[in-house]
Amino acid sequence: MRFLSLIRVQENTGKQPSERLMREMGELMGDMTRNGTLLDTAGLMPTAKGKRVRLRGGKITLVDGPFTETKEVVGGYAMLQAQSLEEAIALTERFVELHIADGWELDCEVRQVMEADFG
């Protein structure tokens, strides 16, 4: 089963990953890629460089970032391969634990991917 782990951060803090955090994340991602549990991962550019396509009342509008009304934003994601939700949570916890030493505040939302056949 595939699971999407969405990393939510407070974008306006200006906090940047330390060299230690980047090194340890690289090691963890390398291990998880080799063992087949990490399928894909990436960080996202700040919302100031993004747009929202919004549908309201049958009308589509475009909203320029930054999205100041949003306290937390998706800062990155990981697509995981796991046998269960519990395993996907354990994999996500390994990632979150790396952030403790640097005092990060973040949330990760773990959700199973619906495997649908649209053909």
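So, how was this worked out
Residues numbered from 1 in each chain as written. Predicted model: local features only at pLDDT ≥ 70, side-chain atom pairs only at ≥ 80, totals over all residues. Heavy atoms only, no water. Pairing = 2+ DSSP bridges. Helix = DSSP H or I, 4+ residues; strand = E, 2+ residues; numbered from the N terminus. Axes fitted to C-alpha atoms, helices over the stretch in contact; angles between N-to-C directions. Contact = heavy atoms within 4.5 Å. Buried < 20%, exposed > 50% of the residue type's maximum accessible area, 1.4 Å probe, protein only. Core = buried A, V, L, I, M, F, W, Y, C linked by side-chain atoms within 4.5 Å. Expected span 1.5 Å × (residues − 1).

Participant: Before we go on, may I ask you to explain the sheet that holds strand E1 (residues 2-9) in this structure?
Facilitator: For sheets, the rule is that strands pair by backbone hydrogen bonds, running either parallel or antiparallel. As summarised here, the arrangement of the 4 strands in space is E2-E5-E1-E6, forming an open sheet in which the pairing is antiparallel. Edge positions in the open sheet fall to strand E2 (38-43) and strand E6 (106-112), since each of these has one partner strand only. Here the strands of the sheet are splayed against their neighbours by 20° on average, with no regard to which way each runs. Relative to E6, E1 runs antiparallel, the two sharing 7 bridges. For leucine 6, the partnering residue across the bridge sits in E6 and is glutamate 109. Packed onto the sheet, helix H2 (residues 85-97) meets E1, strand E5 (73-81) and E6 and runs at close to 155° relative to E6.

Participant: Even after reading the chapter, I still don't get the side chain of threonine 37, so can you show me in this structure?
Facilitator: Inspection of the secondary structure assignment puts threonine 37 in the loop between helix H1 (19-34) and E2. Take threonine 37: its relative accessible area is 10%, and that puts it in the buried class. Other than its neighbours up to four places away in sequence, threonine 37 contacts Met32, Met79, Leu80, Gln81, Glu87 and Leu91.

Participant: So what exactly am I meant to see when it comes to unusual backbone geometry here?
Facilitator: In this model, glycine 65 is joined to proline 66 through a cis peptide bond whose omega is 5°. By the secondary structure assignment, proline 66 is in the loop between strand E4 (59-64) and E5.

Participant: Any chance you could explain the side chain of histidine 99 here in plain terms?
Facilitator: With respect to the secondary-structure elements, histidine 99 resides in the loop between H2 and E6. With relative accessibility at 6%, the residue histidine 99 sits in the buried group. With sequence-adjacent residues up to four places away left out, histidine 99 is seen in contact with Leu21, Met25, Trp104 and Leu106.

Participant: Would you mind showing me how to read the environment of isoleucine 100 here?
Facilitator: By the secondary structure assignment, isoleucine 100 is in the loop between H2 and E6. Taking the C-alpha atoms as reference points, isoleucine 100 and proline 46, separated by 54 residues in sequence, lie 22 Å from one another.

Participant: How should the nonpolar core be read in this particular structure?
Facilitator: Across soluble globular proteins, nonpolar side chains show a tendency to be buried alongside one another. Counting 18 residues, the largest nonpolar core has Met32 and Leu80 as its most contacted members. Broken down by secondary-structure element, the contributors of at least two residues to this core are E1, H1, E5 and H2. With 4 residues, the top contributor of residues to this core is H1. Sequence-distant contacts of methionine 32, defined by excluding residues within four places in its chain, comprise Thr37, Leu38, Leu80, Leu91 and Arg94.

Participant: For this particular structure, what's the right way to read H1?
Facilitator: Residues spaced three or four apart along an α-helix point in a common direction, a consequence of the helix completing one turn every 3.6 residues. Over its 16 residues, H1 runs 23 Å from end to end, which matches the ideal 22 Å to within 8%, given 1.5 Å per residue. Within the sequence span of H1, burial applies to Leu21, Met25, Leu28, Gly30 and Met32. Contact partners of the buried residues in H1: E2, E5 and H2. Trailing H1 by a residue or two, glycine 36 shows a phi angle of about 85°, which is positive.

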